[in-house]
Amino acid sequence: MAEVLVSGGAAADLTPAGGTGSAAMAYLQEEKPDSDLVPALNLGDLDITTDEFILDEVDIHIQANLEDELVQEALKTGVDLRQYSKQVEAELQRIEQASIKDYIKESQNIASLHNQITACDSILERMEEMLSGFQSDLSSISSEIQTLQQQSVSMNIRLKNRQAVRSQLSQLVDELVVPSTMISVILDSPVTEQEFLEQLHELNNKINFAKELSFRETLACSDIQDIVDRLKIKAVSKIREFILQKIYSFRKPMTNYQIPQNTLLKYRFFYQFLLANERTVAKEIRDEYVDTMSKIYFSYFKSYSSRLLKVQYEDVADKDDLMGVEDTAKAGFFSKPSLKSRNTIFTLGQRGAVLSPAELEGPILIPHAAQRGDSRFPYETLFRSQHYALLDNGCREFLFLSDFFMVAGNSALDLFNSVMGKTLSMFLNMSAYVSDCYDSIAVFLCIHIILRFKAITAKRNIPALDKYWEAVLEMLWPRFELILEMNIQSIRNTDPQKLGVLDTRPHYITRRYAEFSSAIVSINQTFPNERTNALLGQLQIEVENFVLKMAAEFPSRKDQLIFLINNYDMMLGVLMERAADDSKEVEGFQQLLLARTQEFIEEILAPPFGGMITFVKESEALMEKGQLDKLKNDEVRITQLVRGFSSSWKQSVEALSQDVMRSFTNFKNGTSIIQGALTQLIQYYHGFHKILSQPTFRSLAVRSELINLHHLMVEVKKHKPNF
C-alpha cells in the first residue's frame, strides 16, 4: 500500500481499489509537502499493461511531475530516484508507526468518543421515533380540527335557523298575545291619557297583524280575533265620543275654536285609527266637522262684515262725483272735508298706508271698539281688515284639515271648499258696494290689497284661497276700469263756459287729475298693470285737451300762458311727490311746462323790450345772410332803442318781476320764470352789443351810451327775488 506524507504528520492511504496505476495517479496528484521531503516516483508501481488511455494519462502526469522544481533539482544533482523513493517509503512507514502509536495512545478517548457517538445515535433514533409519533399525532389532530370545524359550521347554521324561527315565532306570539294591560287601559282609561294613546297604537298594530294572518289562513288568528274586535269597537266608541264632544264645543257662543282644534291635533292618531278601522265613523266625524265649521265661519264673517260696514264713512262717492263734474259751492272735492264724515275721492293722502307691511298684516279692526270711539274708516280699510281675517283663518283652517284629516292636493282643496265655501260665496255676493262704488282709489287699493294677500298665501304655500283671490280681482278690475273711463268721459264732455269765472290759478279739475294720477301711479308701481297705464294715458290726454280749452277762454295770450303754466306746474309738482321722476306722466308735463314757460318769457319781455328783441332777431338773420348793410340807414331806430333801454330798463325789470310774482301761485315757479326772463334779457342785450360792434355800426355816436354788459348783469341780479 502506497502512502504519502500529509501536512500534520499523518499518513494518508492513496491506494485505490483499482490497482497500482491509480496509486501512481494519486501520488502524482498529491500536493507538494511543506517539508524538504521530495516524493519518490516508483516507476515499478506503474501498471504498463493498462490500456492506451491510462498510459496517456500517466504520461501527462509524469510530464507534469518532471516539470516540478524539486524533481528537476533531484535530476540535476543526479540523485537516484529509486533510492530516493525507498527513503520516502521508509519515512512513510515510520510516520505510520508513529501514527498507530498515537491511535493506540488515544484509544481510550476514541473508544469513549465511539460510545458517545453510539449513545447519540440511540438518542437521535429515539427522538426520530418521538418526532414521527408527533407527526402522526399532528396528522390526527388536523383531521380532528377539520371535523370540529365542519361540526361548528353545521351548528352555526342550525343556530341561525333556530334564531330566525324563534324571532318569527316570538313576534308572532307577541302579536297574538293580547296583554291584560291593554285590555284594562282600552276599557277604563280616558282617551286623553298618554297610556291610552300608546295602547291604541299597540291595538292598531295587532289589528293589522290579525288581518295579515287572516289572509294567510293562520289558525292561531282565530284565537284572538274576537277579543281584538271587541277592543276595537270599544276604542272606536270612546274616540268617536271624544272627537264629537270637541266638535260640539265649537258651537258654544264666544268660543275660541282654535283651542279645541289644537287639542284635536294632539290626538290626530285617533282619526287615523278610525279611518283605518271604521270608515263609517270617520266619515261621520268628518261630515260633522265640516257642517259645524262651515256654519261657524259663515256666521262669524257675516256678523263681522255687517258690523264693519257700520264704521264706514257715511259720505261716499256716487255717480256725480266724477273728475269733470262742476265743483259746486256747497262742497268741493278739495275743500278738506272732515274725515269723520266723508272720504276724499281723488286724493290718496294717508289712505295708501293700508298697503304698508305694518298695516297690511296688522291687527284687524274691532267694530264695537271703533263705534265706541266714534271712529270712521274708508272702505279699503274695512276691506283689508275683512280679508286679512279671511286670509288668517283660511290658512289656519287649510293647515288643520291637511294635518288632522290627512289629505293633500286636490282632496285638501275639496275639503277646504266644503268648510269655507259658503263663507267665500257670501264674500263674493257682498258686491253691492263695489257695483255702486265710484271711488276709484278705494277700488284700486282693494285690488292691490288682494294682490298682496295673494302673494302672502303663495309665500306660505297655501293654495286654498287662490281661486277666491282671482274671483275678487275679476270683480274689481272691471269696476275700476269703468270708473276710470267714466272720469275720462266726464273730462271729455266738460264745457269750459259752464265752469264759472275764469281764473289763471290752477283749475280744480286739473288738481283732481294731479292728485288722482299721482295716487294711481304710486300704487301701481309695485304690481304694474298695462291696462291701468293705458287708461291713465287716455286720462292725461283728455286733461291736456281740457287745459288747452280752458286757456282758450282767456282773451290775451299772456293770461292763457299763465293759466297753462300754473296748471302744468301744479300737476307736475303733485305727480313728483309720489310718482317716479322718470314716469311717463312726469316727463310729459315737464316738456309742456318748459315750452310754455319759454313762450311766456318772450311774451313778458315783448312790451318793454320788444323793439330791441325784434331788432336783434332781424339783425342776426341778416348777419347769417351777410346782408347787415341793409340796416345801415336805421340810425334813428337804433338811437331810440339804445336810449330807451338805458332810461327804462330798471323800471321795466321791476315791473316785470312784480307782475310775474302776482301771476303765479307757486313762488318757486315764479322765481324760476323771473330768472329765466332776466337771463334771456341779458342774452338779447348781449346780442344787441354784438350787432352794434359790427363795422356797419361803428360810426354811430350812440354806441357810447350803451350800458356796460357786466354792469347790467350786476344790476339785474339785484332784481332777482330770493325765496
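Remember, it's a predicted structure, so these values are computed and weren't measured experimentally. Per chain, residue numbering runs from 1 following the sequence as it is written. The predicted origin of the model limits local features to residues at a pLDDT of at least 70 and limits the giving and counting of side-chain atom pairs to 80 or more, whereas totals for whole chains, interfaces and linings rest on all residues. Think of the side-chain values as coming from all heavy atoms in the structure, minus any hydrogens and water.

> How should I be thinking about the overall build of the chain in this particular structure?
In this description a helix means any DSSP run of H or I spanning at least four residues, a strand means any run of E spanning at least two, and both kinds are numbered starting from the N terminus. When helices and strands are counted, the chain shows 25 helices and 2 strands. Contacts in the chain between residues at least 24 apart in sequence constitute 77% of all its contacts with a sequence separation of at least 6. When the accessible area of the chain is evaluated, it comes to approximately 40500 Å², of which 52% is carbon and sulfur surface. Note on contacts: a residue pair is in contact if any heavy atoms of the two residues lie within 4.5 Å. In these tables, accessible area is a Shrake-Rupley quantity obtained with a 1.4 Å probe, and a residue counts as shielded only by the protein chains included in the view.

> Help me understand unusual backbone geometry in this model?
Of all residues except glycine, most have a negative phi; of all peptide bonds, most are trans. Phi is positive for Met406, which is not a glycine, with a value near 55°. Tracing the chain through its elements places Met406 in the loop between α14 (379-404) and α15 (409-429). Taking the relative accessible area as the measure of exposure, Met406 reaches 38% and is therefore partly exposed. With a phi close to 60°, Asn461 is a non-glycine residue in the positive phi region. Burial classes: relative accessible area under 20% of the type maximum marks a residue as buried, over 50% as exposed, and values in between as partly exposed (1.4 Å probe, protein chains only).

> Sorry, what's going on with helix α17 (residues 440-459) here?
Side chains three or four residues apart in an α-helix point the same way, a direct result of the helix having 3.6 residues per turn. To estimate the expected span of a helix, count its residues, drop one, and scale the result by 1.5 Å. Taking 1.5 Å per residue, 20 residues should reach 28 Å; α17 reaches 29 Å between its end C-alpha atoms and fits that length. A positive backbone phi angle near 60° is found at Asn461, which sits one or two residues after α17.

> Just to check I follow, could you spell out the side chain of Gln680 for this structure?
Here Gln680 is to be found in helix α24 (residues 667-692). Accessibility expressed as a relative area gives 15% for Gln680, which makes it buried. Apart from residues no more than four positions distant in its own chain, Gln680 is found in contact with Gln598, Ile601, Glu602 and Leu605.

> Honestly, the pattern of salt bridges in this entry has me stumped. Any pointers?
Each salt bridge in this description consists of a side-chain nitrogen of Lys or Arg and a carboxyl oxygen of Asp or Glu lying within 4 Å of one another. Applying the stated criterion across every chain yields a total of 23 salt bridges. Through salt bridges with shared partners, a single network forms among Arg351, Glu380 and Asp439.

> How do you make sense of a negative patch on the surface when you look at a structure like this?
The patch calculation keeps residues exceeding 30% relative accessible area without a salt bridge and links them within 9 Å when they carry like charges or within 5 Å when they are nonpolar (Val, Leu, Ile, Met, Phe, Trp, Tyr). Lys and Arg are tallied as positive, Asp and Glu as negative. Neither His nor the chain termini are counted. For this purpose, a charge sits on NZ of Lys, CZ of Arg, CG of Asp or CD of Glu. A grouping of Asp121, Glu125, Glu128 and Glu129 is seen on the molecular surface, where their side chains present a negatively charged patch. Tracing the backbone through its elements, the reader meets Asp121 in helix α5 (residues 107-176).

> Please clarify how helix α22 (residues 584-625) should be interpreted in this entry.
Its 42 residues give α22 an end-to-end C-alpha distance of only 42 Å, which falls more than 12% under 62 Å, the value for a rise of 1.5 Å per residue. Among the residues trailing α22, Gly626 stands out with phi positive, at a value near 75°.

> Help me out: how do you make sense of the confidence of the model for the chain in this one?
Known as pLDDT, the predictor's per-residue confidence is scaled from 0 to 100. Across the chain, the average pLDDT comes to 82, with 84% of residues at or above 70. Long-range and interchain partners of residues 1-50, a stretch whose pLDDT sits below 50, account for 74 contacts in this model, where long-range means more than four residues apart.

> Looking at this model, I keep getting lost on a nonpolar patch on the surface. Mind explaining?
A cluster of nonpolar residues, Ile123, Leu124 and Met127, forms a patch on the protein surface that exposes about 270 Å² of accessible area. Considering the arrangement of structural elements, one finds Ile123 in helix α5. Residue class for Ile123 comes out partly exposed when judged on its relative accessible area of 40%.

> Can you help me understand the state of the cysteines in this one?
Here a disulfide denotes one covalent bond, and it connects the sulfur atoms of two cysteines. When two cysteine sulfur atoms lie within 2.5 Å, the pair is treated as a disulfide. According to the stated counting rule, one finds 0 disulfides in the structure shown. No disulfide involves Cys437; its sulfur sits 7.7 Å from that of Cys446, the nearest cysteine. With relative accessibility at 2%, the residue Cys437 sits in the buried group. For Cys446, a relative accessible area of 1% translates into the label buried.

> Looking at this structure, I do not really get the packing of α17 against helix α18 (residues 466-492). What am I missing?
Any two packed helices are characterised by the angle at which their axes cross and by the distance between the axes. Axis definition: a line fitted to C-alpha atoms, limited for helices to the stretch in contact. Angles are taken between N-to-C directions and run from 0 to 180 degrees. Axis separation between α17 and α18 bottoms out at 9 Å; the angle between their running directions is 160°. In terms of orientation, α17 and α18 fall into the roughly antiparallel class. Crossing of α17 against α18: the hand is left-handed. Note on element contacts: α18 touches α17 through Asp466, Trp469, Glu470, Val472, Leu473, Leu476, Trp477, Phe480 and Ile483, opposite Ser440, Val443, Phe444, Cys446, Ile447, Ile450, Leu451, Phe453, Lys454 and Thr457. Here the word oblique covers every angle except those under 35 degrees (roughly parallel), over 145 (roughly antiparallel) and from 65 to 115 (roughly perpendicular). Note: crossing handedness is left-handed where the near helix turns anticlockwise from the far helix by less than a right angle, and right-handed where it turns clockwise.

> Is there a simple way to explain the side chain of Asn487 in this structure?
Position of Asn487 relative to the elements: it lies in helix α18. For Asn487, the contacting residues outside a window of four places in its chain are Leu322, Met323 and Phe346.

> What is the right way to look at the environment of Leu482 in this model?
Tracing the backbone through its elements, the reader meets Leu482 in helix α18. The class of Leu482 is partly exposed, set by a relative accessible area of 37%. Measuring from C-alpha to C-alpha, the distance between Leu482 and Ser440 comes to 9.0 Å, with 42 residues separating the pair along the chain.

> What's the story with the nonpolar core in this structure? I'm lost.
Nonpolar side chains in soluble globular proteins generally cluster together in the buried interior. Here, nonpolar core means buried Ala, Val, Leu, Ile, Met, Phe, Trp, Tyr and Cys residues that are tied together by side-chain atoms lying within 4.5 Å of each other. Ile243, Phe270, Leu539 and Phe688 are the most contacted members of the largest nonpolar core, which totals 172 residues. In contact with Phe688, other than residues within four places in its own chain, are Met612, Phe615, Val616, Leu641, Val642 and Leu706. One finds Tyr304, Val311, Leu365 and Ala370 within the second-largest nonpolar core, a separate group that totals 6 residues.

> What am I meant to see in the environment of Met576 here?
With respect to the helices, strands and loops of the structure, Met576 is situated in helix α21 (residues 557-578). Accessibility expressed as a relative area gives 36% for Met576, which makes it partly exposed. Placed 58 residues apart in sequence, Met576 and Ser518 show a C-alpha to C-alpha distance of 7.8 Å.

> Just to check I follow, could you spell out the packing of aromatic side chains for this structure?
What characterises a pair of aromatic rings is the spacing of the ring centres plus the angle enclosed by the ring planes. In this scheme Phe, Tyr and Trp rings, the latter by its six-membered ring, pair at centre separations within 6.5 Å, and the angle between planes marks the pair as stacked below 30 degrees, edge-to-face above 60, and tilted otherwise. Scanning all chains against the criterion turns up 37 aromatic pairs. Relative to Phe383, the ring of Tyr379 lies with its centre 6.0 Å away and its plane at 45°, an arrangement referred to as tilted. You can see Tyr379 and its partner Phe383 sitting in helix α14, 4 residues apart, about one turn around the helix. With respect to class, Tyr379 is no different from Phe383; both count as buried. Among the aromatic residues, those joined into a ring-pair cluster are Tyr257, Tyr297, Tyr300, Phe301, Tyr304, Tyr388, Phe427, Phe453, Tyr468 and Trp469. A positively charged side chain is recorded as over a ring if its NZ (Lys) or CZ (Arg) lies within 6 Å of the ring centre. The angle to the ring normal must also be within 35 degrees. Directly above the aromatic system of Phe298 lies the positively charged group of Lys422, at a separation of 5.0 Å from the ring centroid. The aromatic ring of Tyr438 is capped on one face by Arg479, whose charged end is 5.0 Å from the ring centroid.

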